[in-house]
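Per-entry structural report
Next come the chains, spelled out residue by residue.
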Amino acid sequence: MADDRVQSSTIRLAYGARMVVVAFLLLTVAAGGFAFLIGEHFHRIERDWTVLGQIPTEKGLLLSRLHDKIGYGGLVHNFKNYVIRGDKRYRDMTLTDFSAATSILNQYESLGVNRDERIALKAIRDTIGEYRTNIDVVDALVETNALVRQIDQAVRVNDTAMISGLATLRAAWRGSYDSGRNSLSHSVDQGRFWSTGAQIAAALFLAMGCAMTFWILRRERLLSHAVRHLNNEASRFESIVNSGSDGILTVDKHGRIEVFNAAAEKIFGYVRDEAAGMDISALVPADLQEHHRKIIDEIAATSPAVIHFPRHVHGRRKNGSSVPIEINISTYQTNGDRHYVASFRDITDRLRAETELRGLKDAAEQASSAKSSFLASMSHELRTPLNAVIGFSEMLRMGDLSDKQNEWTGHIHNAGTHLHELVSQILDLAQIERGRLNIRIQAVNIVDIVTECLAQMQPYAQKRQVGITNKVATNTEITVYGDPTRLRQCIFNILSNAVKYNRIDGTVTITGMATQDGYYRIAVADTGIGIAPEEHPYVFRMFQRFAEEPDLAHDGAGIGLAVTDQLVRLMGGRLTFRSALNEGSEFSIDIPTTPPLDAEAQPSQALGTFRPSSPIGHSGDD
């Protein structure tokens, strides 16, 4: 509501104007000069009213909307729900809130801002921009079935700057509102002075009396209109404060409550009349009174512009019970006195929901661990009978068998060997996921490993009528750092795929080169069927296989690349690829050429589950 002093000054100004009407025959000479001054003064009153009645009100509305779009139920809340639940609805709501918040920030800046507000707007934009960027990260990790804990760690955002920015904007808005109101009150007091002077001067300017009277009566109506608008805007501001979902209260320099909105009444149980004038310590639990007093004394001594108050605290209701709240505090000054604004919300339901979500997350992690344990156990159990099948099939083939029997035992031996390889790959995946696969990093001559892999692959390539060309430097030593067994497994896997998915009379070319960032790259290129662009995101997904052709061998299960990708990353390397449909593919393994700080890698806890994709020409790193 408008200040009583403004209304009192308006009444006095109106009384002075009417006195000029009665005495204009004696005061008209002096009124001529004062009329111009009063006219300019009322123009200034109109400008002050514009500053108070329009811009601050629009900024207040925008701040209220911005808080709703960012705070509880808004961008941050929906983003956390998306991280925890992986529900696309929360993703869409987060993007909608981001667009709305960005629009509000642009509207706020278009109204004119000072340096502190501009810095605050940038801090808020940067923070919500980081949330927007992290949406894509969450999308990728959700597609990989990553653990909630890993997703949360990957996209955790420090929103301290955003909270401080909101507090700065709120303080600036409150300060501009009070400044405009004080300016208008001061202008009205000056108007009273000039009106009194006009009464004296009117006695000297009889000829201008009528004009002066008309002028003052007209300006009186304008001022009354301005005061009515000021009262309306003050009422509108009060409605905005009371309609918000967050509690808002203001405290003077003595710690007495001045403003106490409807949401604060609901949280603490006090009605507005009870809270007005009450010491703020009445809302602090008894066991925190001493700590609260120290904070108040420190604030009074340092007078900071932004108060870094604990975000989660406990308040005391009227009935003595405790309520957990999230609170932000800012300051503003009026007539040289410092005041404090606190906005807060009841987070009882949120804390309960977080507790439930933590329980669900723990249960999901236990289920994932049980799955990995089952895979590892079954893989071990399957190896024993498979070894027997393979061994006895080899013994049968050494006996005196007919051609048909040799063919049958060959099928048994090949099928058993293939199944044994699949079981080994599944065991590797399970061990990686459980963090049980140790990688022994040591100096390795990559030339020897490539030569061994090519020697093993040649018979299969000849059978498939695929030529292999080795362009890696021979008769030399190229040292890289990795696990020799696992490195041999990785190179053999991509060589096997290059032959397997090649065409009859196709070629496979293996090359080696040093990169500028400390890696040695082994690239395997083929002239096979290639991979369609829409299938690129799924290349490193488990059990993923692509379009088949009748003249190609397809004896894989879609596990090899998933295992290779994980093993390469465990050795500190990178697995990348590029491919075009019907033109062939090139897979590259980058292995470090310098020793790591820790020679023995400890996998799973840093890796999580398997990534879903690797873009063309880009690293597969998460």
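Per chain, the residues get numbers from 1 upward, laid out in the order the sequence is written. Note on the predicted model: pLDDT of at least 70 is required for a residue's local features to be given, and 80 or more for side-chain atom pairs to be given and counted; whole-chain, interface and lining totals, by contrast, use all residues. By convention in this description, side-chain values take in all heavy atoms of the structure and omit both hydrogens and water.

When pLDDT is averaged across the chain, the result is 76; 70% of the residues are at 70 or more. A residue's pLDDT is simply how confident the predictor is in it, with values from 0 to 100. To qualify as a helix, a DSSP run of H or I must reach at least 4 residues; to qualify as a strand, a run of E must reach at least 2; elements of each kind are numbered from the N terminus. When pLDDT is averaged over each element of the chain, strand β12 (residues 519-526) comes out on top at 95 and strand β15 (residues 600-601) at the bottom at 44. Taken together, the stretch residues 1-6 has pLDDT below 50 and engages in 14 contacts with residues farther than four places along the chain or on a different chain. Between two residues, a contact is recorded if the distance between any of their heavy atoms is within 4.5 Å.

Right, let's talk about the pattern of salt bridges for a bit. By definition, a salt bridge exists where a carboxyl oxygen of Asp or Glu is found within 4 Å of a side-chain nitrogen of Lys or Arg. By the definition in use, this model includes 20 salt bridges. The closest approach of N and O atoms between aspartate 87 and arginine 89, which form a salt bridge, is 2.7 Å. Accessibility expressed as a relative area gives 21% for aspartate 87, which makes it partly exposed. Put simply, Lys88, Arg91, Asp92 and Asp139 are held in one network by salt bridges that share partners. Burial status follows relative accessibility: with a 1.4 Å probe on protein chains alone, a residue under 20% of its type maximum counts as buried, one over 50% as exposed, and anything between as partly exposed.

With that settled, consider helix α14 (residues 446-463). When the terminal C-alpha atoms of α14 are compared, their 26 Å separation across 18 residues agrees well with the 26 Å that a helix rising 1.5 Å per residue should span. Given a residue, its bend is the angle between the two axes fitted to the seven residues that end at it and to the seven that start from it. Within α14, the axis deviates most sharply at methionine 457, by approximately 40°, and proline proline 459 lies no more than four positions further along. Among the residues of α14, those classed as buried are Ile446, Val447, Ile449, Val450, Cys453, Leu454, Met457 and Ala461. Against the buried residues of α14 lie β8 (442-445), β9 (467-470), β10 (479-482), α15 (484-500), β11 (507-514) and β12. Of the residues flanking the end of α14, it is glutamine 465, one or two places downstream, whose phi is positive at about 60°. The length a helix should cover is 1.5 Å for every residue beyond the first.

A few words on the nonpolar core. A general trend in soluble globular proteins is that nonpolar side chains are found buried together. What is meant by a nonpolar core is a set of buried Ala, Val, Leu, Ile, Met, Phe, Trp, Tyr and Cys residues, joined one to another through side-chain atoms within 4.5 Å. By size, the foremost hydrophobic cluster in this structure holds 44 residues, and its most contacted members are Ile446 and Ile491. At the level of secondary structure, the elements contributing two or more residues to this core comprise α14, α15, β11, β12, α16 (560-570), β13 (574-580) and β14 (584-592). Broken down by element, this core gets its largest block of residues, 8 residues, from α14. If we skip the residues at most four places from it in the chain, isoleucine 446 touches Ile478, Val480, Leu487, Ile491, Tyr520 and Ile522. By size, the runner-up hydrophobic cluster in this structure holds 32 residues, among which are Val76, Phe79, Ile104 and Ile128.

Here we come to the packing of aromatic side chains. For this analysis, a ring pair means two rings from Phe, Tyr or Trp (six-membered ring only for Trp) whose centres lie within 6.5 Å, classed as stacked if their planes differ by under 30 degrees, edge-to-face if by over 60, and tilted for the remaining angles. As enumerated under the stated definition, the model contains 4 aromatic pairs in all. Between the aromatic rings of phenylalanine 540 and phenylalanine 577, the centroid separation amounts to 5.9 Å while the plane-to-plane angle is 70°, which identifies the pairing as edge-to-face. On the criterion of sequence distance, the pair formed by phenylalanine 540 in the loop between β12 and α16 and phenylalanine 577 in strand β13 is long-range, its members being 37 residues apart. With respect to class, phenylalanine 540 is no different from phenylalanine 577; both count as buried.

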